[in-house]
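Examining the three-dimensional arrangement
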Amino acid sequence: MTALPPRARNKQLKERRILASALKVFADQGYSGTSMDAIAALAGVSKPTLYQYFGSKEQLFSAIMVEQRDTMLGAFEEPDGLGLVPELWAFSWHYADTVLRPDFLSLARLTIGEAQRFPEIGRAYQSAGPERVLRGMMAYLSAKRAEGRLAFDDAELAAEDLWGLILSAPRNRALHDAANLPGRADLHRFITNGLRVFLKAYSTDPGQDLAQLQALAAEGPTPRGHHD
């Protein structure tokens, strides 16, 4: 891989700093309460510089969601041809480690709380984050169906099943109780069971796939940030 020139690397690092700062401000102050001035101050850049990178608060909010979506869906890019079960396993842990981060949970809570007064915020959150992840999941599952690895009639329903099975219960609890974050052992239990149910329902070779899942699960909970 070719190293980035110093100027391009500096630009990339500054963009990441801006995104990290924006996520913190959004999570702390909510969408409507966040100002570009506050984001610029936390990121250590001038307001004109901030606008050079992101032309509006809406664009910045969308960029945060897209960055996390790309992190989660990176497990579906099959760089090593690992196959269906390891890819689903990696995605599940990427997903858990993203949506259960305290800052992302705070952002979700505040967005839900403001959605009635400011419906455009709820739409922006949904379209930039969850809907894009769902479309990526649908594309991946459809490709596996084309390969003969999965069988289903409706890609959206299959993706929603996968999403709900692996993490809906612990995430819902954490959304309503900030102190109720699941530990790695609990996540391992939910992810393993969710993938087991999903493979039983949709795999064209459930025996082989369930055995592979059992082998992955036997290694224990995946450390945070390690999914390969």
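Now for a quick tour of the structure. (Residues numbered from 1 in each chain as written. Predicted model: local features only at pLDDT ≥ 70, side-chain atom pairs only at ≥ 80, totals over all residues. Heavy atoms only, no water.)

1. Concerning helix α1 (residues 6-33)
Since one α-helical turn is 3.6 residues long, residues separated by three or four positions face the same way. Cut-off, in case you're wondering: The secondary structure listing takes helices from DSSP runs of H or I that are at least 4 residues long and strands from runs of E that are at least 2 residues long, numbered from the N terminus. Residue count minus one, scaled by 1.5 Å, sets the expected span of a helix. The reported bend at a residue is simply the angle between two axes, fitted to the 7 residues ending at it and to the 7 residues beginning with it. For the exposure calls, accessible area comes from a 1.4 Å probe over protein chains only, and a residue counts as buried if that area is under 20% of its type's maximum, exposed if over 50%, partly exposed in between.
Here α1 is 28 residues long, yet its end C-alpha atoms lie only 35 Å apart, well below the 40 Å a rise of 1.5 Å per residue gives. When the local axis directions of α1 are compared, the greatest deviation, roughly 80 degrees, occurs at Ala27. Looking only at α1, the buried set comprises Ile18, Leu19, Ser21, Ala22, Leu23, Val25, Phe26, Ala27, Gly30 and Tyr31.

2. Considerations on the packing of helix α5 (residues 84-99) against helix α10 (residues 184-202)
Our working definition: For helices, the axis comes from a line fit to the C-alpha atoms of the stretch in contact; other axes are also lines fit to C-alpha atoms, and the angle between any two N-to-C directions lies between 0 and 180 degrees. To sort the angles, those under 35 degrees are grouped as roughly parallel, those over 145 as roughly antiparallel, those from 65 to 115 as roughly perpendicular, and the leftovers as oblique. Should the near helix be turned counterclockwise from the far one by less than a right angle, the crossing is left-handed, whereas a clockwise turn marks it as right-handed. By definition, residues are in contact when any of their heavy atoms lie within 4.5 Å. Residues are grouped as follows: Ala, Val, Leu, Ile, Met, Phe, Trp, Tyr, Cys and Pro are nonpolar; Asp, Glu, Lys and Arg are charged; all remaining types, including Gly, are polar.
Across the interface, α5 lies against α10 with an axial gap of 11 Å and an inter-helix angle of 140 degrees. By the angle class used here, α5 and α10 are oblique. Between α5 and α10 lies a crossing whose hand is right-handed. Where α5 approaches α10, its residues Leu84, Val85, Leu88, Trp89, Ser92, Trp93, Ala96 and Asp97 are matched on the opposing element by Arg184, Leu187, His188, Ile191, Thr192, Leu195, Phe198 and Leu199. Of the residues assigned to the contact of α5 with α10, the class counts are 11 nonpolar, three polar and two charged.

3. A word on the environment of Phe104
Position of Phe104 among the secondary structure elements: in helix α6 (residues 102-114). C-alpha separation for the pair Phe104 and Ala27, spaced 77 residues apart in sequence, amounts to 7.0 Å.

4. Let's talk about the packing of α1 against helix α2 (residues 36-43)
At a minimum axis separation of 8 Å, α1 and α2 run at an interaxial angle of 125 degrees. The angle between α1 and α2 falls in the class oblique. Here the hand of the crossing between α1 and α2 comes out right-handed. On α2, the residues touching Arg17, Ile18, Ser21, Ala22, Lys24, Val25 and Phe26 of α1 are Ala38, Ile39, Leu42 and Ala43.

5. Description of the packing of aromatic side chains
Rules: When the centres of two rings from Phe, Tyr and Trp lie within 6.5 Å, Trp using its six-membered ring, the rings pair. Their planes under 30 degrees apart give stacked, over 60 give edge-to-face, and anything left gives tilted. Charge-over-ring contacts are defined here by two conditions on Lys NZ or Arg CZ: a distance within 6 Å of the ring centre and an angle within 35 degrees of the ring normal.
Per the counting criterion, the structure on display carries six aromatic pairs. With centroids separated by 5.2 Å and ring planes inclined at 85 degrees, the aromatic side chains of Phe26 and Phe61 adopt a geometry described as edge-to-face. Here the residue Phe26 occupies a position in helix α1, and Phe61 occupies one in helix α4 (residues 57-73), the gap between them amounting to 35 residues. Given the relative accessible area of 0%, Phe26 is considered buried. Seen from their ring centres, Tyr95 and Trp163 are 6.0 Å apart, and the 75 degrees between their planes marks the pair as edge-to-face. Taken together, the residues span a long stretch of sequence, with Tyr95 in helix α5 and Trp163 in helix α9 (residues 155-176) at a distance of 68 residues. On the accessibility criterion, Tyr95 (6% relative accessible area) is buried. Pairwise contacts between aromatic rings join Phe91, Tyr95 and Trp163 into one cluster. The side chain of Arg189 reaches across the aromatic face of Phe190, ending 5.0 Å from its centre.

6. Concerning the pattern of salt bridges
It is possible for side chains of opposite charge to pair when their charged atoms get near one another. For clarity, the cut-off: For salt bridges, the criterion is a side-chain nitrogen of Lys or Arg within 4 Å of an Asp or Glu carboxyl oxygen.
With the rule as written, the count across this model stands at six salt bridges. Residues Asp37 and Lys47 are paired through a salt bridge, measuring 3.1 Å at the closest nitrogen-oxygen approach. Of this pair, Asp37 sits in helix α2 while Lys47 sits in helix α3 (residues 47-53), placing them 10 residues apart in sequence. The class of Asp37 is partly exposed, set by a relative accessible area of 44%.

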